[in-house]
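# Report on the structure
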Amino acid sequence: MFSLTSPVKSPYHNVPPGPKFFLLMIASITLFLIGNIYLQAAALAFVLGLYLLPGGTFFKEGLRMLWPLWPFVGIVFLWHAFTHDILPGLIIILRMISAVALANLVTMTSQLDEVIALVTRVVTPFRRFGLRPQILALSIAMFIRFLPVLIEKGGLLVQSWRSRSTRPAGWRVVVPLALLALDDADTVAEALRARGGIEPDKI
Amino acid sequence: MEKNIVIIALFAALIAALGLVPKFTLASGIPITAQSMGIMLCGTVLGSRRGAKAVLLFLLLVAIGLPLLAGGRGGLGVFGTPWAGFLFGFPFAAFAAGLIMERWRSDNIPLVAGCAAAGGGIGALYLIAVPYYMMATSSGLDQALFTAMLPFMPGDILKAILAGYITAGLAKARPDSLLSRA
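Conventions adopted
- Residues numbered from 1 in each chain as written.
- Chains lettered and ligands numbered in written order.
- Predicted model: local features only at pLDDT ≥ 70, side-chain atom pairs only at ≥ 80, totals over all residues.
- Heavy atoms only, no water.
- Helix = DSSP H or I, 4+ residues; strand = E, 2+ residues; numbered from the N terminus.
- Rg over C-alpha atoms; globule rule 2.2 N^0.38 Å.
- Buried < 20%, exposed > 50% of the residue type's maximum accessible area, 1.4 Å probe, protein only.
- Contact = heavy atoms within 4.5 Å.
- Areas by Shrake-Rupley, 256 points an atom, 1.4 Å probe, with all protein chains shown as cover.
- Buried area = accessible area lost by both parts, 1.4 Å probe.
- Salt bridge = Lys/Arg side-chain N within 4 Å of Asp/Glu carboxyl O.
- Polar contact = N/O pair within 3.5 Å; in protein donor to acceptor, adjacent residues only side chain to side chain.
- Nonpolar A, V, L, I, M, F, W, Y, C, P; charged D, E, K, R; others polar.
- Axes fitted to C-alpha atoms, helices over the stretch in contact; angles between N-to-C directions.
- Parallel < 35°, antiparallel > 145°, perpendicular 65-115°, else oblique.
- Left-handed = near helix turned anticlockwise from the far one by under 90°.
- Expected span 1.5 Å × (residues − 1).
- Arc of directions from axis to C-beta.
- Phe/Tyr/Trp six-rings, centres within 6.5 Å; stacked < 30°, edge-to-face > 60°.
- pLDDT = per-residue confidence, 0-100.
- Patch = residues over 30% accessible without salt bridge, like charges linked within 9 Å, V, L, I, M, F, W, Y side chains within 5 Å.

## Concerning the overall build of chain B
- Secondary structure assignment for chain B yields seven helices and zero strands.
- Traced from its N-terminal end to its C-terminal end, chain B shows the element sequence α-α-α-α-α-α-α.
- The C-alpha atoms of chain B give 16 Å as radius of gyration, which agrees with the globular expectation for 182 residues (16 Å, within 12%).
- For the C-alpha atoms alone, the extent of chain B along its principal axes is close to 45 × 35 × 30 Å.
- Counting across all 182 residues of chain B, residues that qualify as buried make up 62%.
- By sequence separation, contacts in chain B at least 24 residues apart represent 68% of the contacts at least 6 residues apart.
- For chain B, the exposed area adds up to about 6600 Å²; of that, 67% sits on carbon and sulfur atoms.

## As for the overall build of chain A
- Of regular secondary structure, chain A possesses eight helices and zero strands.
- Secondary structure elements of chain A occur, N-terminal to C-terminal, as α-α-α-α-α-α-α-α.
- In summary, chain A has a C-alpha radius of gyration of 23 Å against a globular reference of 17 Å for 203 residues, an excess of more than 25%.
- With the C-alpha coordinates aligned to their principal axes, the bounding extent of chain A is approximately 65 × 55 × 35 Å.
- Burial statistics for chain A: of 203 residues in total, 42% are counted as buried.

## Examining the side chain of Ser177(B)
- Relative to the helices and strands, Ser177(B) resides in the segment after helix H7 (153-173).
- Those residues in contact with Ser177(B) that lie beyond four places of it in its chain are Leu182(A), Val45(B) and Leu170(B).

## A short note on the interface of chain A and chain B
- Each side of the interface is counted separately: chain A has 63 residues, and chain B has 57 residues.
- For the pair chain A and chain B, the summed buried surface comes to about 5200 Å²; carbon and sulfur atoms form 84% of the total.
- Broken down residue by residue, the surface that chain A buries against chain B is led by Trp79(A), Phe143(A) and Trp171(A), which jointly contribute 14%.
- At the boundary of chain A with chain B, the tally comes to three salt bridges.
- With its nearest N and O atoms 2.9 Å apart, the salt bridge here joins Asp186(A) to Lys3(B).
- Applying the counting rule to chain A against chain B returns five residue pairs in polar contact (both at pLDDT 80 or more).
- Among the elements of the structure, helix H1 (17-33), helix H4 (70-82), helix H5 (86-108), helix H6 (112-123), helix H7 (133-162) and helix H8 (174-194) of chain A are those that each provide at least two residues to the side of chain A that touches chain B.
- Considering only residue class, the side of chain A that touches chain B consists of 48 nonpolar, eight polar and seven charged.

## Some thoughts on the packing of helix H2 (residues 35-46) of chain B against H7(B)
All names here are of chain B.
- Taken N-terminus to C-terminus, the directions of H2 and H7 make an angle of 40°; their axes are 9 Å apart at the nearest point. Judged by the inter-axis angle, H2 sits oblique to H7. The element H2 and its partner H7 pack so that their crossing is right-handed. Along the contact surface, H2 presents Ser36, Met37, Met40, Leu41, Thr44 and Val45, while H7 presents Asp156, Lys159, Ala160, Leu162, Ala163, Ile166, Thr167 and Leu170.
- Its residues assigned to classes, the contact of H2 with H7 shows nine nonpolar, three polar and two charged.

## Notes on H4(A)
Residues and elements named next belong to chain A.
- For H4, with 13 residues, the first-to-last C-alpha span of 18 Å sits near the 18 Å given by 1.5 Å per residue.
- The set of residues buried in H4 consists of Phe72, Val76, Trp79 and His80. Projection of H4 onto a plane perpendicular to its axis shows the buried side chains occupying an angular sector of 95°, all on one side. The exposed residues of H4 that point more than 90 degrees off its buried face are Trp70, Leu78 and Phe82.
- With its phi angle positive at about 55°, His84 sits one or two positions after the end of H4.

## So, the packing of aromatic side chains
Residue and element names in this part refer to chain B.
- For the coordinates displayed, the defined rule picks out 10 aromatic pairs over all chains.
- Aromatic pair Phe79 and Phe88: ring centres 5.6 Å apart, planes at 40°, arrangement tilted.
- For Phe88, a relative accessible area of 37% translates into the label partly exposed.

## Re the confidence of the model for chain A
- Summarising the model, chain A shows a mean pLDDT of 86, and 97% of its residues fall at 70 or more.
- Mean pLDDT per element in chain A: H4(A) is the minimum at 84, and helix H2 (residues 37-52) of chain A is the maximum at 93.

## Regarding a nonpolar patch on the surface
- A grouping of Phe22(A), Met25(A), Ile26(A), Ile29(A), Phe32(A), Leu33(A) and Met135(B) is seen on the molecular surface, where their side chains present a nonpolar patch of about 770 Å² in accessible area.
- No other element matches the six residues that H1(A) contributes to the nonpolar patch.
- Position of Leu33(A) relative to the elements: it lies in helix H1.

What follows is the structure, given as structure tokens:
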């Protein structure tokens, strides 16, 4: 299964995801409260330092994950250049890059199975509101199982459209794709029931 | 029970698939993906509660680190930009679209589903995304409208219309499948 976890091992990989998520939350709130441009610049330098610690390959990978941010940086910069008040714009840009970089760092250094285990643990107290951890785990598993299936079927639909038409497939392919998902849901639900189904909650 | 869980999981996967199959750009030349149309479809097809749950499952999987957003983005970082209000608004968008479908039964499906998709995917979504942007950047309404709303508006209107037609197509092919009207 594809995920955004970095294959380059870093010291951060050994920290369990719970504390990492907690620290990220605190850091994001702090970044939001800092209104001084020098402090924001220092914060960004610190975050980039965190990326440099495990080595150059890891740093480059981190920069690649930050790259999709550039249109957002561009829009904010253009607006503030246009309205001649560049300083608040720079603060917003610095804050955004630091916050996203920190969050990416947590994602890049956490194993997917560890994070799923954390999520299941966190939702356990919500049982009494009808959110059962087992059902959430089953839903995540089904999602991960069926996403590649849907992507493949979508690809096949596009191909068969292309072999019959000179125009690109576009939105018309979405109807059969959604139909396939609906039909698969029927079959899978029946299969689950045939194997004993999902136990009603005993609480 | 089983059916509900399976269909929520599959529609969550459908949202992701619509963003990841690169050929699903809606109109030639305009680089908009079908992903936010998936959010609208969750509401118009599954109804308010199931639709919102499918979207929440999708966002959870994005947050725990799968590259599911259009263009292969994902992880916690995507929730850190001033535009993250759109992501937080997605479940409400699906819920509102589903609610409109459930309540407004007197007219034909393409019209109602199109309006439901617009009400949820534009109305409810921007009601959350625009104030979030203003809060995150401490900016005024004018800036928020220009930088957070205007660039996405034409694509979203097109997507709402298409979502209406797609919902109608599904209702025609599988009359029972429209859980929002069940």
